[in-house]
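Residues per chain are reported as follows:
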Amino acid sequence: MDFLSARVESLAVSQTLAMSQKSGELRSQGIDVINLSVGEPDFHTPDHIKEAAKRAIDENFSFYSPVPGYMSLREAIAAKLSRENGLNFSPAQIVVGNGAKQALCNVILSTVNPGDEVVIPTPAWVSYVEMVKLAEGKSVTVPSGIESNFKVTPAQLEAAITPRTKMILLCSPSNPTGSVYTRDELQALVDVIAKYPDVIVLSDEIYEHINYTGEFTSMASFPEIADRTVIINGVSKAYAMTGWRIGYCAAPLAIAKAVSKLQGQYTSGASSIAQKAAEAAYNGSQECVAEMCAAFRRRRDLVVKLAAEIPGFKVNEPMGAFYLFPEVSGVLGKKFGDKVIATSGDLAMYLLEEAHVATVDGAAFCAPGYIRFSYATSDENLTEAMARIKAAVEKLK
Ligand code: PMP
Ligand code: GLU
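The shown structure was predicted, so the numbers you read here are calculated from the model rather than taken from an experiment.

Conventions and cut-offs
Residues numbered from 1 in each chain as written. Chains lettered and ligands numbered in written order. Predicted model: local features only at pLDDT ≥ 70, side-chain atom pairs only at ≥ 80, totals over all residues. Heavy atoms only, no water. Helix = DSSP H or I, 4+ residues; strand = E, 2+ residues; numbered from the N terminus. Contact = heavy atoms within 4.5 Å. Buried < 20%, exposed > 50% of the residue type's maximum accessible area, 1.4 Å probe, protein only. Core = buried A, V, L, I, M, F, W, Y, C linked by side-chain atoms within 4.5 Å. Near = heavy atom within 4 Å. Polar contact = N/O pair within 3.5 Å; in protein donor to acceptor, adjacent residues only side chain to side chain. Areas by Shrake-Rupley, 256 points an atom, 1.4 Å probe, with all protein chains shown as cover. 1 Å grid on protein atoms, 1.4 Å probe; cavity = no way out; pocket = protein on both sides within 12 Å on 5 of 7 lines; lining within 4 Å. Sits in = over half its atoms within 2 Å of the grid points. Nonpolar A, V, L, I, M, F, W, Y, C, P; charged D, E, K, R; others polar.

### Section: the environment of valine 315
Thought 1: Mapping valine 315 onto the fold places it in the loop between helix H11 (287-308) and strand E9 (323-324).
Thought 2: Sequence separation between valine 315 and valine 328 is 13 residues, and the spatial gap between their C-alpha atoms is 9.0 Å.
Thought 3: Setting aside anything within four residues of it in sequence, one finds valine 315 in contact with Ile146, Val304, Ala307, Ala308, Leu324 and Pro326.

Structural data, given as structure tokens:
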């Protein structure tokens with residue numbers, strides 16, 4: 001008997017999570033694997049945020065929270081959007097969910113009809129295409145490569161838009177490439193989008209604060225498209241809070257209401273304690289954010305230098321997030337014994353088995369021929385991982 005829905009059977013397993021799980025399994029067998037697969041800060045959540053969560057427990061924040069989140073948290077987010085991004089969102093336009101992941105999926109399920117097209121510049125984070133699939137929409141990918149620092153041009157974007165386009169899904173700073181569009185580059189994309197007034201812009205800004213360019217421009221700050229732009233953000237990356245599961249969408253009111261209705265039927269409000277912690281993150285000192293960003297930048301410099309020394313790897317200098325996305329076609333076709341490393345997936349598997357370094361195949365991000373390293377780990381781990389990868393690649397003939 002076939003118990004499973006066609007919907008779930010059509011989904012791919014999240015490769016970022018799968019590689020991380022695999023490296024955990026090898027570790028539990030005593031193998032010293034260095035995990036550069038999953039993307040999450042290795043820092044602990046700052047103390048003032050943890051204290052707020054402990055207080056929330058003692059103060060009995062143990063009941064259901066309102067579906068879109070506590071008003072005090074939504075006010076803190078609205079204040080953040082005003083203070084840091086110059087945006088004017090009311091708490092009614094903000095819906096808090098279980099991480100940016102749920103916030104994204106909520107918006108896609110609330111707006112995309114079967115057959116609608118969602119334009120996604122690639123390489124793109126693993127879950128976008130799968131979420132669009134869940135909504136029975138159709139992803140239209142717009143490819144870019146290392147030669148353009150993984151940025152798409154306005155002409156490419158325009159060529160992908162059709163009368164069926166419902167949404168454009170952007171992510172800057174980007175997972176998996178670390179690319180950051182400048183304000184001028186975004187303006188050029190906005191000039192195209194402005195011509196298509198029925199298209200929603202979904203802007204994943206989760207890496208806003210891990211940004212080495214010194215400037216961040218929210219897509220909602222362009223007046224031409226502000227009334228149809230939805231921002232996704234959350235505390236996972238900026239405040240080292242991946243496990244707390246708090247993210248949000250800030251959206252036009254009608255979309256926020258729809259998202260809240262949807263969330264009210266399948267998960268309710270997010271964890272009460274985690275919401276109080278997130279509130280402290282937004283209202284407290286932002287020094288911790290700058291400190292973590294400085295550490296990521298130092299690691300970026302280290303990993304770029306070391307990865308560039310690996311034969312057959314082409315690297316660029318990512319300007320944000322905590323990923324490096326080397327182009328590895330120079331290695332493909334080579335052999336280890338009689339095993340051919342034909343694809344970037346073969347290479348990721350070879351690196352796991354031979355070098356004991358977990359990475360993610362670029363194909364998971366719609367970019368075969370690349371692999372992703374997360375450099376959110378210690379200098380020692382990065383130095384050792386790059387040395388192991390170099391030695392393993394040098395063994396290929
Ligand atoms: N968007 C991108 C681009 C991400 O890399 C992640 C991290 N998994 C998310 C969204 C989801 O983040 P969260 O932990 O808040 O669900
Ligand atoms: N954003 C991280 C990554 O891409 C977390 C894992 C996930 O949710 O995909 O590795």
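### Topic: unusual backbone geometry
Thought 1: At the junction of threonine 122 and proline 123, the peptide bond is cis and its omega measures out at 0° in the coordinates.
Thought 2: Tracing the sequence through the fold places proline 123 in the loop between strand E3 (117-122) and helix H6 (126-134).
Thought 3: Its identity as a non-glycine residue notwithstanding, serine 268 has a phi of 65°, on the positive side.
Thought 4: You can see serine 268 is positioned in the loop between helix H9 (253-266) and helix H10 (272-283).
Thought 5: A relative accessible area of 26% means that serine 268 is categorised as partly exposed.

### Side note on the nonpolar core
Thought 1: Residues Tyr239, Phe313 and Leu347 are the most contacted members of the largest nonpolar core, which totals 111 residues.
Thought 2: Per element, the largest residue contribution to this core is nine residues, and it comes from H11.
Thought 3: Non-local contacts of phenylalanine 313, meaning those with residues more than four positions away in its chain, are made with Ala307, Pro326, Glu327, Val328, Val331, Leu347, Ile371, Phe373, Ile389 and Val393.
Thought 4: Membership of the second largest hydrophobic core comes to 20 residues, among which are Val140, Val142, Ala160 and Leu170.

### Comments concerning the site of ligand 1
Thought 1: Ligand 1 sits among 14 residues. The nearest are Ala100, Asn175, Asp204, Tyr207 and Ser236.
Thought 2: In the model, an oxygen atom of ligand 1 is placed 2.7 Å from a nitrogen or oxygen of the asparagine 175 side chain.
Thought 3: At 2.7 Å, a side-chain N or O of serine 236 approaches an oxygen atom of ligand 1.
Thought 4: Taking 400 Å² as the accessible area of ligand 1 by itself, protein coverage stands at 92%.
Thought 5: Most atoms of ligand 1, that is more than half of them, are within 2 Å of grid points of the largest pocket.
Thought 6: Here the shell around ligand 1 gets four residues from one element, more than from any other, and that element is helix H5 (residues 99-111).
Thought 7: Each residue belonging to the shell around ligand 1 can be placed in one class, and the counts come to seven nonpolar, three polar and four charged.

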